[in-house]
Structures are given as C-alpha cells and as structure tokens.
Amino acid sequence: MSAQESEKEKAKAQGQIRSGQDGLRSVLPFSSNDAKFMPFSANPALAAIMQASRPEEAEGMRRWLLRVEAAIHEWIVRRCFLDCSEEEAIARCAAYRSLGRGWFIVQLLPQKKFKFWWEEIAQIEGKRAAEIDELRERMDLGDIRHFTRGFVCHNELVFYIRGISHPTNPSARAPSIRIMKWDPTFRRTDLWTGGSEWLESELRTPVPSQQERTEHAATSERNRRRKERQRSKQKQAAAAAAAAAAEAAASEGDKPGEAPRRLAESKEQAQFEELLQSMKSSAAANGRRAQAATGEARREEPKWTLAATCYRRPPGRVLT
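Residues numbered from 1 in each chain as written. Predicted model: local features only at pLDDT ≥ 70, side-chain atom pairs only at ≥ 80, totals over all residues. Heavy atoms only, no water.

Draft legend 1. Inspection of the confidence of the model for the chain at higher detail. Per-chain confidence: the chain averages 77 in pLDDT, with 72% of residues scoring 70 or above. A low-confidence stretch, residues 290–320 (pLDDT under 50), is modelled with 71 contacts involving residues beyond four sequence positions or located in other chains. (pLDDT = per-residue confidence, 0-100. Contact = heavy atoms within 4.5 Å.)

Draft legend 2. Representation of the pattern of salt bridges in the model. The tally for this structure, following the rule as stated, stands at 14 salt bridges. Each of Glu119, Lys127, Arg128, Glu131 and Arg162 takes part in salt bridges that share partners, so that together they form one network. (Salt bridge = Lys/Arg side-chain N within 4 Å of Asp/Glu carboxyl O.)

Draft legend 3. Looking closely at the pairing of strand β5 (residues 176–181). A large share of β5 lies buried, amounting to six of its six residues. Here β5 shows a buried face lined by Ser176, Arg178 and Met180 and a second buried face lined by Ile177, Ile179 and Lys181. One ladder, built from six bridges, connects strand β4 (residues 156–162) with β5; its direction is antiparallel. In the sheet register, Tyr160 faces β5, and the bridge partner there is Ile177. (Buried < 20%, exposed > 50% of the residue type's maximum accessible area, 1.4 Å probe, protein only. Helix = DSSP H or I, 4+ residues; strand = E, 2+ residues; numbered from the N terminus. Pairing = 2+ DSSP bridges.)

Draft legend 4. Expanded view of the environment of Phe151. If you trace the backbone, Phe151 turns up in the loop between α7 (145–148) and β4. What makes Phe151 buried here is its relative accessible area of 2%. Separated by 56 residues in sequence, Phe151 and Val207 have C-alpha atoms that sit 9.7 Å apart. With residues up to four places along the chain from it excluded, the contact list for Phe151 reads Arg101, Gly102, Trp103, Ile121, His146, Glu156, Val158, Ile179, Arg213 and His216.

Draft legend 5. Examining the environment of Ala217 more closely. Of note, Ala217 is situated in helix α10 (residues 210–252). Taking the relative accessible area as the measure of exposure, Ala217 reaches 2% and is therefore buried. When the C-alpha positions of Ala217 and Arg149 are compared, they lie 4.4 Å apart, and in sequence the two are 68 residues distant. When residues no more than four places from it in sequence are discounted, the contact partners of Ala217 are Arg145, Arg149 and Gly150.

Rendered as structure tokens:
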C-alpha cells in the first residue's frame, strides 16, 4: 500500500469514527447512572427464557444460564451495531473500536428488568477492583488480567453480567463474565470490519490460548505505561514552551498579541508531536499483530471461553 493510499485509509477510518460516535452514544450508555432499566419484554428472547421453568439439576441449570447469556449478548450486539442501516452500522463499529478496552456491564433484577452500559478498563480496574477480587475468589477464571488487558479488543467483546450465576459454577453465585470473539462465519461480519482486509484476517485467527492472553496483557500494560510517560513528557514540554514564550515576550517587549501567538504555536507543535508519536506507535502495533497472525494455525482454546458464540447462527434461528 502506497503512502497516499495509506493516508486515504486513515482519513476514511477517521470519518467513519466521527459519523458513528453520535449513533453509538444514542444506544450505548457509558455509565450506570446514564443507563435506564428496561423490562425483559424489550428483549423477547430473554423474556421467553426467564418465563420458562428453571431446571433443578446442575446440567440443566448450566444450559439454562448459557441461554440467558446468549440472549443478552446477542441483543446488545444487535442494538449497538446491527439494528440500523449498513452505513450507520459500519460507522458505529468503527466508533466502538476507537474506544479501546472496556466491558459491557449488564445488571439483571428480580423485578423482571435489566439495564446495560459500557465502562473502560481504567474505571473497572479502579472502582471495581474489590468486585473483581471477589469474583476471582469465587471462580476459577485463571489470570483475571485476561479479561482486562488480555483480550483482543478489535475482534473480541467482554460481557460482565450481574444478577445471574456463572454457568460453570452456578452454586458459587458469582456474576457471569465472558470473552466473546466475533465468528468469521457470521455473514454480517462485513459490518464490523468495514471492508478492512486487516480486520478480516484478524477475525480468521484462532481464539488466543491462555499463554497468549497473558503475553498480550503484559504487552498492553507496557504500552499503557509508555503512553502515560509520553503524555507526561509532552505536557512538561508544552508547559516549558509556554513559560519560555511568556518570558521572551516580557523581556523583549513584544507587540500586543505576539505572546499569545507564540503560545499557540508551541501548543500546535506539541499536539503535532503527540499525533506523530501516536501514529508511529499504532503502525508498530499493527505490524506486530500482522506478524502474529501468520504464526501458528491452531491454538488451544481457553476453558472459560465459549466455543459457540452468540455471533454464530444458532440452530433454527437466522441472524439478519
């Protein structure tokens, strides 16, 4: 791909993100306070499952909980990404990917109502630290970082459902948490990829193993710390440039308006350097992911990841 074509691709992606942000905000709350409770009837599949009698035996209960999970997962994906025009769906998916790492959080209440919202990982690791520790104690989920820094955020979604038990151990009364990967055989994945060949190739990669998720989490954490250091240095450089411009204006007796002009120029230079560094980091990350995608053809699937996701067409039903 030539430099000109690369610039066009970036401009197209930025345009999709901007056009999809408003549409995504209209259907996806970004805090518990903004989320509104809805009756189960808003999700007909969930309502039907909840109205049916619950099995008493362990295996029957496990299957029932899996059906509840699937009904919630599919409804949220449809509401946020699919129940709109094709152009709007592609834009919403692009806007969602630009958010970075986060969880869909769902709250079910006995009063036959539920709500959902999205939280970024920084919030989850902060204000939900105690909740996550309790979940780790009740459930054998392995390294909890797999759910925060170890999932592949451009083709996987994380759902955290409170109000039901985790299917692998219903008696633990622990919330359900799942990493769900887009199924490449689902015929509407073109809405998620938006025609990106790289995203399409990423969807075809196997589900990461636990070891790969651990490595991915470590890499993600290193990148986060590096970006924090870069932002800190950029803020310091901008502050130093502003102070220097103000000092020069005071000592040289600048004309009216000269100091603000210099300050604006220093801020623009700092913003340009930040953008340039971000583009370099993004290009390097894409290169590493592309190299990893050409690695092993098959990988062991983690025991806590569903093999058949809600994005695969279930028996007797067709996703449109």
